[in-house]
Amino acid sequence: MLTVVLSGLRDRWASFLGGFVALALGVGLLATMGLGLSATFHAPERSPQRFASSPVVVQGQDRLTLDVRRGPDTVPLEQRLDRPQPVDEELLRELRARWTVTTSGGPDAVGVDAPAAEVRALVGDRARVLTGGERAQADPDPERDARALVGLNALLGTSGGVTAFVSVFVVASTFAFTVALRRREFGLLRTAGATPGQIRRLLLAEAAALGVLASAAGCALGALGAPLLARTLVDGGLAPPWFTIGGPSWPCHAAFWTGVTVALAGAVAASRRAGKVGPTAALREADVDTDVLPLGRAVLGTGLLVTGLGLLVWTCVTEPSALLKRKTYTTLPILLITGVALLSPLLVRPAARLLRARGAVGTLVRENSAAAVRRTAAVAAPVLVTVALAGTLFGSATSVTRAKEVEAREQTAAEYVASGADLRPVTAPPGAVVSATGATSVFVRDGAEAVVKYGARAVADPAAFAELARLPVTAGDLRDLDDRSIVVSEEFERHRVGETVEVWRADGSGPVRLRVVAVLALGTGDNGPYVTRANAPGAALDRIDARGGGAGTVRALDASGGTVRSAPERQAVGNPQSRLGMVLVLGIALVYTTIGLANTLLMATSVRGRELASLRLAGATRTQILRVVTGEATLAVAIGALLGLLVTAVVLGALGAGLAALSAPVALVLPWAQVGAAAGVCVVVAVAASGVPAWRLTR
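Keep in mind that what you see is a predicted model, and the values were worked out from it rather than measured.

The rules behind each value
- Position labels on residues start from 1 in each chain and follow its written sequence.
- In view of the model being predicted, local features appear only for residues whose pLDDT reaches at least 70, and side-chain atom pairs are presented and counted only at 80 or more, with totals across whole chains, interfaces and linings using the full set of residues.
- Side-chain numbers here rest on the full set of heavy atoms in the structure, without hydrogens or water.
- What counts as a helix is a DSSP run of H or I of at least four residues, what counts as a strand is a run of E of at least two, and both are numbered from the N terminus.
- Summary of the burial criterion: residues with accessible area below 20% of their type's maximum are buried, those above 50% are exposed, and those between are partly exposed, where the area comes from a 1.4 Å probe applied to protein chains only.
- For this analysis, residues touch if any pair of their heavy atoms sits within 4.5 Å.
- Every accessible area reported is derived by Shrake-Rupley at a probe size of 1.4 Å, with residue values counting cover from the shown protein chains alone.
- Residues scored as charged are limited to Lys and Arg (positive) and Asp and Glu (negative), so that His and the chain ends carry no count.
- The atoms used to mark charge sites are NZ of Lys, CZ of Arg, CG of Asp and CD of Glu.
- Helix span is expected to be 1.5 Å times the residue number reduced by one.
- Note that the bend at a residue is defined as the angle between axes fitted to the seven residues ending at it and the seven residues starting at it.
- Here, axes are lines fitted to C-alpha atoms. For helices the fit covers the stretch in contact, and angles between N-to-C directions go from 0 to 180 degrees.
- In these notes the angle categories are as follows: under 35 degrees is roughly parallel, over 145 is roughly antiparallel, 65 to 115 is roughly perpendicular, and the rest is oblique.
- In a left-handed crossing the near helix is turned counterclockwise from the far helix by less than a right angle, and in a right-handed crossing that turn is clockwise.
- Residues enter patches when they are more than 30% accessible in relative terms and free of salt bridges; like-charged ones are connected within 9 Å and nonpolar ones (Val, Leu, Ile, Met, Phe, Trp, Tyr) within 5 Å.
- The term salt bridge refers to a side-chain nitrogen of Lys or Arg lying within 4 Å of a carboxyl oxygen of Asp or Glu.
- Pairing between two strands requires that DSSP report at least two bridges joining them.
- Two rings belonging to Phe, Tyr or Trp (six-membered ring only in the last case) form a pair when the distance between their centres is within 6.5 Å. Interplanar angles under 30 degrees mark stacking, angles over 60 mark edge-to-face geometry, and anything in between is tilted.
- The set of buried Ala, Val, Leu, Ile, Met, Phe, Trp, Tyr and Cys residues whose side-chain atoms join them within 4.5 Å is what this entry labels a nonpolar core.
- Two N or O atoms form a polar contact when they lie within 3.5 Å of each other; inside protein one atom must be a possible hydrogen donor and the other a possible acceptor, and for residues adjacent in sequence the pair counts only when both atoms belong to side chains.
- In this classification, Asp, Glu, Lys and Arg are treated as charged, Ala, Val, Leu, Ile, Met, Phe, Trp, Tyr, Cys and Pro as nonpolar, and every other residue, Gly included, as polar.

(A) Up close: the overall build of the chain. Each helix and strand counted, the chain has 18 helices and 16 strands in total. Counting the 699 residues in the chain, one finds 48% classified as buried. The contacts of the chain with a sequence gap of at least 6 include a subset with a gap of at least 24, amounting to 79%. Summed over all atoms, the accessible surface of the chain reaches about 31,600 Å², with 59% contributed by carbon and sulfur. Looking at the chain, you have 69 positive and 55 negative side-chain charges, and the mean spots of the two groups are 14 Å apart.

Structure, rendered in structure tokens:
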């Protein structure tokens, strides 16, 4: 058996080349992404800076601890505050009375020159005692490194998931199409006495050999590509400047065995079909495909399609805000894409029959495409994947960004807006209305089992705020906001006007009971809550809206130290780094698509020598034959692109329904540039991969 397998790999190396390259590249990308992902799990340890000379640091509490219910018991739950609380004055006096105390940069922490055990005994639970490397937590923004890795972790995880999905798809399609082309070979083996089990074991052994070789090559590529990935991420602004990829070995092990598993999994279904080939298949000459959609494939495709549609509808009805998240619009379309791809043989013939081209060439393109369903579907499937990913990823992200932009413009009646960190307060010129707000947080119990931290806005002048704000109020009145009340969104557990909400402020103080005076629609996620500055200790101004006052208002806003713009101007709320990440994901899918297309068409065209020779004997010119072959490839790409656009339309339709359910602006965008570029690359590759072997066969 091993001799037969190795001989087959050597003699048919060209037909296995595409699968080898796809699998090796997939393993290489998985190893690279895994190495990058492992580097995002832990931020680098930084030496203390603010209190580097103090052996002990006493810091105010930086967490809010509340008891919540877990089953029959209650357990403490911690939520991080926006900033640590100041160290208690009484505690400071006790520390200074016994040891040397160093202050630096604020009241939230002090350095103490004393034994750590004695300091802990004195402090108790009134503050935190930091020693060693923990002292870095008292530095400004100690979470900046970990926060910088959150988005990078999500990007690499998404890219790795897409890589795994597309590699499985391409490898499985390659093996399935290879089996279809080798039908007569298997028939001859059956005639020579081979059993169905031997045929299946032959294919599985070929897949195992291919998987081991390709996975080994892929791991080598991953080790070389990981440092390049780190530099690319840093140069593109996706990773902080200090980001480097270490040397753990588990990503390479995981990628290697994933590659072998993918190769075997892709060959399982194909081997079962090959085992059913009878001896009479060696005598078949008909090129019309039959039994192109086995029962198992039909059931699996229908199940995935129904599941994908059901999840979209269920998410839209129960939690429409989830449709706006990248994790959702990246993963849910994969179910739809796979389902449609599995069912694509059912759609090939009807789609091909729609071609109404005149003349002999057009007739041959239409009839050949409809007859060779497996070949047409094998070409259309990878195009479907790429076009659908381009449409759903870029379309969903752009639509969400556009909805946020429209919502931001509609929510203010201001003529000018100043924005920036730590703005200076301004005095309203005569005839002007000026409303200053800043970012803060509030903590609210969600039932007895959870405590939710909401990003809130602190209002400096409630009257001016009510005059300039155009928020989507569903109940109540913004003009009633004062120091004893709050404006909430429909996301709150208690969101009826007049109800009382128990909240803890951003510094952990509380609880305070605030009356709900207005309720806002959810929108795209930035609606409320709103409180006054009295309930937002430590909040710094970061936005000033103004209307009226003419040039005096502009001069006043310039003096605030922020960036002043006209309110109607379009404000970009998208993330360039996130867009670069989507380009990376789409690039991976496009590379696989080109490999799959080239491999499929090279194999399919190379075995059509007798067919093309018959066309020459029937009077067709060489140019006409080339037009027929490339026309078939182009039609298959068009069918795949059409199916991809269909999936995109379904996903964007669900997103639009979700935005409408959230009372957010519905601003759907179909990314024609990205979809057109992906389809254009597919057409070029398909024409080249089919035209070159056809030209050689007709010499």
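(B) Quick look at helix 10 (residues 326-353). Helix length check: helix 10, at 28 residues, gives a terminal C-alpha distance of 38 Å against a target of 40 Å (1.5 Å per residue), a fit within 8%. In helix 10, a bend of some 55° at Ser344 exceeds every other bend along the element, and Pro345, a proline, comes one to four places later.

(C) Fine view of the packing of helix 9 (residues 295-318) against helix 17 (residues 622-661). Their axes nearest at 9 Å, the elements helix 9 and helix 17 cross at an angle of 15°. Relative to helix 17, the element helix 9 lies roughly parallel. When the axes of helix 9 and helix 17 are compared, the crossing they make is right-handed. Counting all contacts with helix 9, which are made through Leu309, Leu312 and Cys316, the residues of helix 17 involved are Val650, Val651, Ala654, Ala657 and Gly658.

(D) A look at a negative patch on the surface. A grouping of Glu319, Asp446, Glu449, Glu491 and Glu493 is seen on the molecular surface, where their side chains present a negatively charged patch. By secondary structure assignment, the location of Asp446 is in strand 8 (residues 433-446). Overall, Asp446 belongs to the partly exposed group, its relative accessible area being 38%.

(E) Molecular detail of the sheet that holds strand 1 (residues 56-59). One open sheet accounts for four strands, arranged 4-5-1-6; its pairing is antiparallel. If you trace the sheet from one side to the other, it starts and ends with strand 4 (100-103) and strand 6 (128-131), each paired once. For this sheet the average axis-to-axis angle between neighbouring strands, irrespective of direction, equals 30°. Note: strand 1 against strand 6, four bridges, orientation antiparallel. Bridge assignment links Gln59 to a residue of strand 6, and that residue is Arg128.

(F) Expanded view of the packing of aromatic side chains. Within the structure shown, the criterion is met by three aromatic pairs. Ring centres of Phe256 and Trp257 lie 5.0 Å apart, and the angle between their planes is 90°; on these two criteria the pair is classed as edge-to-face.

(G) Just the pairing of strand 3 (residues 73-80), in detail. Of the strand pairs in this sheet, strand 2 (residues 63-70) and strand 3 are connected by eight bridges, and their pairing is antiparallel. Within strand 3, the position partnered with Arg63 by the bridge is Arg80. What sits between the antiparallel neighbours strand 2 and strand 3 is a turn of two residues, in which Gly71 has the positive phi angle 70°.

(H) Focus on the environment of Pro240. As for its placement among the helices and strands, Pro240 is situated in the loop between helix 7 (196-235) and helix 8 (250-275). Among the residues examined, Pro240 registers a relative accessible area of 10% and is labelled buried. Between the C-alpha atom of Pro240 and that of Arg144, which follows or precedes it by 96 residues, the distance is 9.9 Å. Dropping the residues within four chain positions of it, Pro240 is found in contact with Ala148, Leu149 and Val234.

(I) Here's a closer look at the nonpolar core. Grouped together as the largest cluster of nonpolar side chains are 82 residues, with contacts concentrated most on Leu152, Val166, Leu233, Phe243, Ile337, Leu384 and Val647. Among the elements that line this core, the one with the most residues is helix 12 (residues 373-410), at 15 residues. Leu152 has contacts with Thr40, Leu233, Leu238, Ala239 and Phe243, leaving out every residue within four places of it along the chain. Ranked by size, the runner-up nonpolar core spans 17 residues in total, among them Val488, Val531, Ala536 and Ala539.

(J) Molecular detail of a nonpolar patch on the surface. Together, Leu204, Leu264 and Val268 give the surface a local cluster of nonpolar side chains, amounting to about 190 Å² of exposed area. Mapped onto the fold, Leu204 is located in helix 7. Owing to a relative accessible area of 30%, Leu204 belongs among the partly exposed residues under this scheme.

(K) Fine view of the pattern of salt bridges. Applying the stated criterion across every chain, the model contains 16 salt bridges. A salt bridge links Asp82 to Lys453; its shortest N-O distance comes to 3.1 Å. Of the two residues, Asp82 is situated in the loop between strand 3 and helix 3 (89-98) and Lys453 in strand 9 (residues 450-459); the sequence distance between them amounts to 371 residues. Judged by its relative accessible area of 33%, Asp82 is partly exposed. The partly exposed category is assigned to Lys453, whose relative accessible area is 34%. Residue Arg375 pairs with Glu632 through a salt bridge whose shortest N-O separation is 3.1 Å. Here the residue Arg375 occupies a position in helix 12, and Glu632 occupies one in helix 17, the gap between them amounting to 257 residues.

(L) A look at the side chain of Gln59. Among the structural elements, Gln59 can be located in strand 1. The class for Gln59 is buried, based on a relative accessible area of 1%. From its side chain, Gln59 meets the backbone oxygen of Gln137 in a polar contact 3.4 Å long.

(M) Molecular detail of the packing of helix 9 against helix 10. Axis separation between helix 9 and helix 10 bottoms out at 8 Å; the angle between their running directions is 150°. As far as their axial angle goes, helix 10 and helix 9 are roughly antiparallel. Once helix 9 is placed against helix 10, the crossing between them reads as left-handed. Taken together, the residues of the contact of helix 9 with helix 10 sort by class into 15 nonpolar, eight polar and one charged.

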